[in-house]
Amino acid sequence: MQGSSLLPGLCFLLSLSGVVAQKTKGTCRSCPLYASCVNDTHCTCNHGYISESRQKYFTYPLEICEETTPSETTSSMKEVVENIESLLTNKTVWETEKMKNITATFTSILQKVESVVLETALKAPDQKLQKVQNRTVAVETRVVTDDCSTGVIFNLNAQTNSMDIHCSDIIQGNTQGPSAVAFISYSSLGNIINASFFEKVNEKDQVYLNSQVVSAAIGPKRNTSLSQAVTLSFQHVKIKPSIKKVFCVYWKGTKEGGHWSTEGCFLIQANKTHSICNSTHLSSFAVLMAFDTQEKDPTLTVITYVGLSLSLLCLLLAALTFLLCKAIQNTSTSLHLQLSLCLFLAHLLFLTAFDRTEVKVLCAIIAGALHYLYLASFTWMLLEGLHLFLTARNLTVVNRSSVNRFMKKLMFPVGYGVPAVIVAISAAFRPQLYGTRDHCWLNLNQKFIWAFLGPVCAIICVNFVCFILVLWILKRKLSSLNSEVSTIQNLKMLTLKATAQLFILGCTWCLGILQMGSAARVMAYLFTIINSLQGFFIFLVYCLLSQQVRKWFGEIIKSKSEPELHTLSSRFGPDSKPSEGGIFPGQVY
């Protein structure tokens, strides 16, 4: 008899969803007034009524169905929730509907569930707040019986989700009777109507439904448009740190059935555990996410931190060398110094704040600072290439001095002014694209990354042209030179610096741009290794390979050792002898 006792409830649930035809009162002639027959065996009172014996299903022909009182309405809401749970967990129904249009059935179920919940809430206006929850569905309703005070906002919670709605949108100008709002959360509907029904789904992004499906409705006027947006808060079903995109969606019913749509839904804020959305209308909602399929490589992380730490040390030493070594101080050294300072600050900010995404405004500021510092580094690279070309073209002393005067007037306005203009324009047009959910860097959406890659590619191309021209000029000069040793050495040093300039300042970022396809992993390793060692290369080429700097280092070491020798000689003296029993004078053992 246990199986037969479940049949009445199942038939009632199917009648609620429209999956099976509803049995009418005329099917069972013995059912009393305000009652309906189920399974041709039992009677049950209609919604809003309860049997005199308080039994849900009965066969007694003289049973009376009475209108429910407010105290009995709560149990009626519980019964509705239980019926919804039975329907949603009925695998036979969903397996049958897979052969049909499951989206149309889903749309019908959502609408009828909302109607039944609102109807039940409006029958008990004295119970302004009702909450019912089980393992499958949670319902919270609120009834408004009077005019709303200005600015009153109601908060409804169902399971781990919530909704904020303005009271004026609930009453919709209805002053003749009570109005109600219902907030319903479904635990398992996302397994049936998942992200494959998303209108923007594509093969590039693997989109997943990462929240519970919730429904929001108001009555008795079933108006879905609102004067002020509702705020929906969702707790994520799965917590993943590598979130690429977040979509706030609603279920849009169509003639063909329905699908998830972003129309009128906007993402306000999202972190690893929650997403907050706004919607200008009421419907059923969910959160879809595209997760980043590229997992972090721990080896690359170690290489980055070790390499950048070494680079910071070398850049600091290089900057001190350019400042303190008077033998090499000239226009070229000033360019090297500014380049080293910009790279030092950029690498330091990258190491300490690149992943500080907790505060959105702070993250945007960090991203803008990194954008500026790296662009400034490239601009100083451009000035170095230009200076190298002009120096190679004008090898005479007179011309070289004119080149230096020109570069001194040009380098600071260009070196720091051009990057500032680019960042200011980018921030003015797309301020929201500074900072992502994972990193404080430029957002890849709307091709905003080209605000950085565009100038970088242009500088690399100009540097490459300068390098070719320098080589051509050097070849021509070498063919016309005599055997003057100093000039030949200068030209060799210019050639070495031109080669190092192209490799250090250009090739590393070319590898970064080429991180795509099957060679992406190899390019990522090459880019990370070479780019993180830029400081070491600068210190090596411009300091350690410079004869003047090596001589300066030697003088420093020599000057430090001479005072020690002078101190020892002054303490011993030319004729002094150690005393008996001791090493130093006056020491006796």
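Note that the structure is predicted; figures quoted are calculated from it, not measured.

### Details of the overall build of the protein chain
Thinking step 1. When helices and strands are tallied, the protein chain shows 14 helices and 17 strands.
Thinking step 2. Here the protein chain, with 589 residues, has 43% of them falling under the buried criterion.
Thinking step 3. Excluding contacts between residues fewer than 6 apart, the proportion of contacts in the protein chain whose partners are at least 24 apart in sequence is 68%.
Thinking step 4. Total accessible area computed for the protein chain in this model is approximately 31,400 Å², and 60% of it derives from carbon and sulfur atoms.

### Considerations on the pattern of salt bridges
Thinking step 1. Following the criterion strictly, the structure yields 3 salt bridges and no others.
Thinking step 2. Measuring nitrogen to oxygen at the nearest pair gives 3.7 Å for the salt bridge that ties Glu 140 to Lys 131.
Thinking step 3. The class of Lys 131 is exposed, set by a relative accessible area of 56%.

### Examining the state of the cysteines
Thinking step 1. Considering all chains together, one arrives at 4 disulfides under this definition.
Thinking step 2. Through a disulfide, Cys 248 is tied to Cys 277; the S-S separation comes to 2.0 Å. Negative torsions about the S-S bond denote left-handed disulfides, and the value of about -70 degrees found for Cys 248 with Cys 277 makes this one left-handed. With Cys 248 in strand S13 (residues 243–253) and Cys 277 in strand S16 (residues 274–281), this pair connects stretches of sequence that are 29 residues apart. Both residues of the pair, Cys 248 and Cys 277, belong to the buried class.

### Here we look at the UniProt feature "transmembrane region" (unreviewed entry) in the protein chain
Thinking step 1. The sites that carry the UniProt feature "transmembrane region" (unreviewed entry) are, in the present numbering, residues 302–323, 335–353, 359–383, 410–429, 449–474, 494–516 and 522–545.
Thinking step 2. With 96% helix and 0% strand, residues 449–474 has its two end C-alpha atoms placed 37 Å apart.
Thinking step 3. Structurally, residues 522–545 is divided into 92% helix and 0% strand, and its ends, taken at the C-alpha atoms, are 30 Å apart.

### Notes on the sheet that holds strand S8 (residues 161–166)
Thinking step 1. A sheet is described by the order of its strands in space; here 5 strands give the open sequence S7-S8-S12-S16-S15, paired in antiparallel fashion. Edge strands, defined here as strands with exactly one partner in the open sheet, are strand S7 (153–158) and strand S15 (265–270). Each adjacent strand pair in this sheet contributes to an overall mean axis angle of 20 degrees, direction not counted.
Thinking step 2. Sheet topology places strand S12 (residues 225–235) next to S16; 7 bridges connect them, and they run antiparallel. Counted as the bridge partner of Val 230 is Ser 279 from S16.

### Some points on the pairing of S16
Thinking step 1. In terms of strand pairing, S15 meets S16 through 5 bridges, oriented antiparallel. Residue pairing across strands places Leu 267 opposite Cys 277, the latter belonging to S16.
Thinking step 2. Hairpin connection of S15 to S16: 3 residues between the antiparallel strands.

### Observations concerning the nonpolar core
What tends to happen in soluble globular proteins is that the nonpolar side chains get buried as a cluster.
Thinking step 1. Core analysis: the largest hydrophobic core is formed by 59 residues, its most contacted members being Phe 322, Trp 380, Trp 441, Leu 442 and Phe 452.
Thinking step 2. Of all elements in the fold, only helix H6 (298–324), helix H7 (331–353), helix H8 (360–393), helix H9 (397–429), helix H10 (450–480), helix H13 (534–544) and helix H14 (547–572) reach the threshold of two or more residues within this core.
Thinking step 3. The element best represented in this core is H8, accounting for 16 residues.
Thinking step 4. Dropping the residues within four chain positions of it, Phe 322 is found in contact with Ile 328, Gln 329, Thr 333, His 336, Leu 337, Ser 340, Tyr 542 and Cys 543.

### What to know about the confidence of the model for the protein chain
Fine structural detail should not be taken from predicted coordinates in areas where pLDDT scores are low.
Thinking step 1. Mean pLDDT over the protein chain works out to 77, with 74% of the residues at or above the 70 mark.
Thinking step 2. Counting contacts from residues 1–27, a segment whose pLDDT is below 50, to residues more than four positions away or on other chains yields 41 contacts.
Thinking step 3. Every residue in residues 571–589 is under pLDDT 50, and counting partners more than four places away or in other chains gives 14 contacts.

### A few points about the environment of Val 237
Thinking step 1. Checked against the element boundaries, Val 237 lands in the loop between S12 and S13.
Thinking step 2. In this structure, the C-alpha to C-alpha distance between Val 237 and Leu 209, residues 28 residues apart in sequence, is 8.5 Å.
Thinking step 3. Excluding anything up to four places from it in sequence, Val 237 contacts Asn 210, Ser 211 and Gln 212.

### Side note on unusual backbone geometry
Thinking step 1. Following Gly 219, the chain continues to Pro 220 via a peptide bond in cis, the omega torsion being 10 degrees.
Thinking step 2. As for its placement among the helices and strands, Pro 220 is situated in the loop between strand S11 (213–219) and S12.
Thinking step 3. A positive phi angle, close to 55 degrees, is found at Gln 159, a residue other than glycine.
Thinking step 4. Among the structural elements, Gln 159 can be located in the loop between S7 and S8.

### A few points about the side chain of Glu 114
Thinking step 1. Relative to the helices and strands, Glu 114 resides in helix H4 (residues 102–122).
Thinking step 2. For Glu 114, a relative accessible area of 8% puts it in the buried group.
Thinking step 3. If near-sequence neighbours (up to four positions away) are discounted, Glu 114 is found in contact with Ile 184, Ser 215, Ala 217, Arg 222, Ser 283 and Ser 284.

### Thoughts on the side chain of Ser 377
Thinking step 1. The residue Ser 377 is located in helix H8 in this model.
Thinking step 2. With sequence-adjacent residues up to four places away left out, Ser 377 is seen in contact with Leu 339, Cys 342 and Leu 343.

### Remarks on the environment of Lys 221
Thinking step 1. Inspection of the secondary structure puts Lys 221 in the loop between S11 and S12.
Thinking step 2. Note on Lys 221: relative accessible area 45%, which makes it partly exposed.
Thinking step 3. Once the C-alpha coordinates of Lys 221 and Gln 172 are considered, the two residues, 49 residues apart in sequence, prove to be 7.4 Å apart.

### Brief notes about H7
Thinking step 1. Its 23 residues give H7 an end-to-end C-alpha distance of 33 Å, which sits within 8% of 33 Å, the value for a rise of 1.5 Å per residue.
Thinking step 2. Capping the start of H7 is the job of one residue whose side-chain oxygen sits 3.1 Å from the backbone nitrogen of Ser 332: Asn 330.

### Points about the packing of aromatic side chains
Thinking step 1. In the structure shown here, the tally under the stated rule is 14 aromatic pairs.
Thinking step 2. With centroids separated by 5.3 Å and ring planes inclined at 70 degrees, the aromatic side chains of Trp 380 and Tyr 416 adopt a geometry described as edge-to-face. One end of the pair, Trp 380, is in helix H8; the other, Tyr 416, is in helix H9, and 36 residues separate them in sequence.
Thinking step 3. Judged by its relative accessible area of 0%, Trp 380 is buried.
Thinking step 4. For Tyr 416, a relative accessible area of 24% gives the class partly exposed.
Thinking step 5. Relative to Phe 553, the ring of Trp 552 has its centre 5.4 Å away and its plane inclined at 35 degrees; by these criteria the two rings are tilted.
Thinking step 6. The partly exposed category is assigned to Phe 553, whose relative accessible area is 26%.
Thinking step 7. Three or more aromatic residues link up through ring pairs in this structure, and these residues are Phe 106, Phe 197, Trp 251 and Trp 260.

Rules used throughout
- Residues numbered from 1 in each chain as written.
- Predicted model: local features only at pLDDT ≥ 70, side-chain atom pairs only at ≥ 80, totals over all residues.
- Heavy atoms only, no water.
- Helix = DSSP H or I, 4+ residues; strand = E, 2+ residues; numbered from the N terminus.
- Buried < 20%, exposed > 50% of the residue type's maximum accessible area, 1.4 Å probe, protein only.
- Contact = heavy atoms within 4.5 Å.
- Areas by Shrake-Rupley, 256 points an atom, 1.4 Å probe, with all protein chains shown as cover.
- Salt bridge = Lys/Arg side-chain N within 4 Å of Asp/Glu carboxyl O.
- Disulfide = S-S within 2.5 Å.
- UniProt positions renumbered as here; feature names shortened; annotations may be inferred.
- Pairing = 2+ DSSP bridges.
- Axes fitted to C-alpha atoms, helices over the stretch in contact; angles between N-to-C directions.
- Core = buried A, V, L, I, M, F, W, Y, C linked by side-chain atoms within 4.5 Å.
- pLDDT = per-residue confidence, 0-100.
- Expected span 1.5 Å × (residues − 1).
- Polar contact = N/O pair within 3.5 Å; in protein donor to acceptor, adjacent residues only side chain to side chain.
- Phe/Tyr/Trp six-rings, centres within 6.5 Å; stacked < 30°, edge-to-face > 60°.

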